Amino acid sequence: MKIAIAQTRPIKGDILANIERHKKLIERAIAHKANAIFFPELSITGYEPKLAKALASGQDDSVFDQFQEISDSYLITIGLGMPTLTLWGVQISMILLQPNVPRQKYSKQQLHADELPYFVNGNQQLILTIDNKKVAPAICYESLQIDHSENARQLGAEIYLASVAKSQNGIDKAIKHYPFIARQFSMPVLMANCVGYCDNFESVGQSSVWSIQGVLLGQLDHTSEGILIFDTQTDEVIAQIL
């Protein structure tokens, strides 16, 4: 299986412009015959907690229909970052589109203290099956908590997918933690980060893939949009800059 992770430079609150950038990166992934592509945290809106309530929608919003058509036509799983509105409040979610099946969403279960004024937590881990591989999505802060990855492994996860929006301080923590959990739970770890200004910090990219031995297999830089394509059979990683 080939999994792509995308590194985007979101435009603050501009859903339509961000969608067009997503589609260009998906085209690159399709050209490399990827089975799936995953984007950073809140990639469709940008990581902007103060705007999240006004921008939030649901997984069945027609704005995602074009992604569903791509998924159906090219047999590719797509994971998009989006704030979603529930009866209890706004969640930080990943909208998941798979070929010819109903859409799903995974919502961040463990929130950072700074997020509590704006968001409510999800309450269930989702395990995706893609080409007979089980993939566990994780969203930013929770992916640095050992209990999250441990629970994902207990649920059968074979690949750990971290969708994040991280500053350099966050990346410094991530590049220590993710290799550890890769070795600890014998599963590759993929991290999709964004670049550019988010909320009140600069996101610094460096989207990466680690093997089950915790070896860094590939990494993007701290400024460019692009994708990494990870082949789960060969451990080969290909980088493409947009």
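The structure this text deals with has already been given above.
Note that this is a predicted model, so its numbers are computed, not measured.

Trainee: An account of helix α3 (residues 65–74) is requested, with residue identities and associated values reported.
Mentor: Of the positions making up α3, those classed as buried are F67, Q68, I70 and S71. Relative to the axis of α3, the buried residues are bounded by an arc of 160° and lie together on one face. Structural note: α3 exposes E69 and S73 on the side pointing more than 90 degrees away from its buried face. Those residues of α3 that are buried are in contact with α1 (15–31), β3 (77–86) and β4 (89–97). Looking one or two residues beyond α3, the residue adopting positive phi is L75, at roughly 55°.

Trainee: Give me the lowdown on the sheet that holds strand β15 (residues 237–241), citing residues and values where you can.
Mentor: Taken together, seven strands build an open sheet; the order of strands is β5-β4-β3-β2-β1-β14-β15 and the sheet is mixed. The two strands at the open ends of the sheet, each matched to only one other strand, are β5 (104–107) and β15. Taken pair by pair, the neighbouring strands of this sheet meet at an average axis angle of 30°, ignoring direction. Where strand β1 (residues 2–7) meets strand β14 (residues 226–231), six bridges bridge the pair, whose relative direction is antiparallel. In the sheet register, A4 faces β14, and the bridge partner there is I229. Its contacts with the sheet put α1 on β1, β2 (36–38), β3, β14 and β15, and the angle it makes with β14 is roughly 40°.

Trainee: Tell me about the layout of surface pockets, and name the residues and values.
Mentor: Space inside the largest pocket adds up to approximately 540 Å³. What lines the largest pocket is a set of 22 residues, among which Y47, H112, D114, A165 and F201 lie closest to the centre. At three residues, helix α5 (residues 168–185) tops the list of elements feeding residues into the lining of the largest pocket. The class makeup of the residues in the lining of the largest pocket is eight nonpolar, six polar and eight charged. By volume, the second largest pocket amounts to about 250 Å³. If you go around the second largest pocket, you meet 13 residues; those closest to its centre are Q91, S107, G122, N123 and Q124. If you tally residues by element for the lining of the second largest pocket, the top one is β5, at three residues. Here the residues of the lining of the second largest pocket sort into four nonpolar, eight polar and one charged.

Trainee: Hey, could you go over unusual backbone geometry for me, with residue numbers and the actual values?
Mentor: A positive phi angle is found at D131, which is not glycine, with a value near 50°. Mapped onto the fold, D131 is located in the loop between β6 (128–130) and β7 (133–139). Here D235, not a glycine, exhibits a phi torsion of approximately 65°, which is positive. Taking the relative accessible area as the measure of exposure, D235 reaches 31% and is therefore partly exposed.

Trainee: Describe the sheet that holds strand β12 (residues 208–210), with residues and values.
Mentor: Strand order in the open sheet made by the six strands is β6-β7-β8-β9-β12-β13, with mixed pairing throughout. The open sheet is flanked by β6 and β13 (216–219), the only strands paired with a single partner. When strand polarity is set aside, the average angle formed by the axes of neighbouring strands in this sheet is 20°. Summarising the sheet, β7 and strand β8 (residues 159–163) pair through five bridges and their orientation is parallel. Bridge pairing in β8 links A138 to A162.

Trainee: Break down the pairing of β7 for me, citing the residues and quoting the values.
Mentor: Most of β7 sits out of view: five of its seven residues are buried. Remark: two residues form the turn of the hairpin made by β6 and β7, two consecutive strands paired antiparallel; D131 in that turn has positive phi of roughly 50°. Between the parallel pair β7 and β8, the chain is carried across by helix α4 (residues 146–154), and the sense of this crossover is right-handed.

Trainee: Now, about the packing of aromatic side chains: what can you tell me, with residues and values included?
Mentor: Across all of its chains, the model carries two aromatic pairs by this definition. Ring centres of Y47 and F201 lie 5.9 Å apart, and the angle between their planes is 55°; this geometry places the pair in the tilted category. Of the two residues, Y47 sits in the loop between β2 and α2 (52–55) while F201 sits in strand β11 (residues 201–204), which places them 154 residues apart along the sequence. As far as burial versus exposure is concerned, Y47 and F201 are alike and both buried.

What counts, and where the lines are drawn
Residues numbered from 1 in each chain as written. Predicted model: local features only at pLDDT ≥ 70, side-chain atom pairs only at ≥ 80, totals over all residues. Heavy atoms only, no water. Buried < 20%, exposed > 50% of the residue type's maximum accessible area, 1.4 Å probe, protein only. Helix = DSSP H or I, 4+ residues; strand = E, 2+ residues; numbered from the N terminus. Arc of directions from axis to C-beta. Contact = heavy atoms within 4.5 Å. Pairing = 2+ DSSP bridges. Axes fitted to C-alpha atoms, helices over the stretch in contact; angles between N-to-C directions. 1 Å grid on protein atoms, 1.4 Å probe; cavity = no way out; pocket = protein on both sides within 12 Å on 5 of 7 lines; lining within 4 Å. Points joined across faces, edges and corners; volume = space filled by probe spheres on them. Nonpolar A, V, L, I, M, F, W, Y, C, P; charged D, E, K, R; others polar. Right-handed = clockwise from strand over helix to strand, strands pointing away. Phe/Tyr/Trp six-rings, centres within 6.5 Å; stacked < 30°, edge-to-face > 60°.

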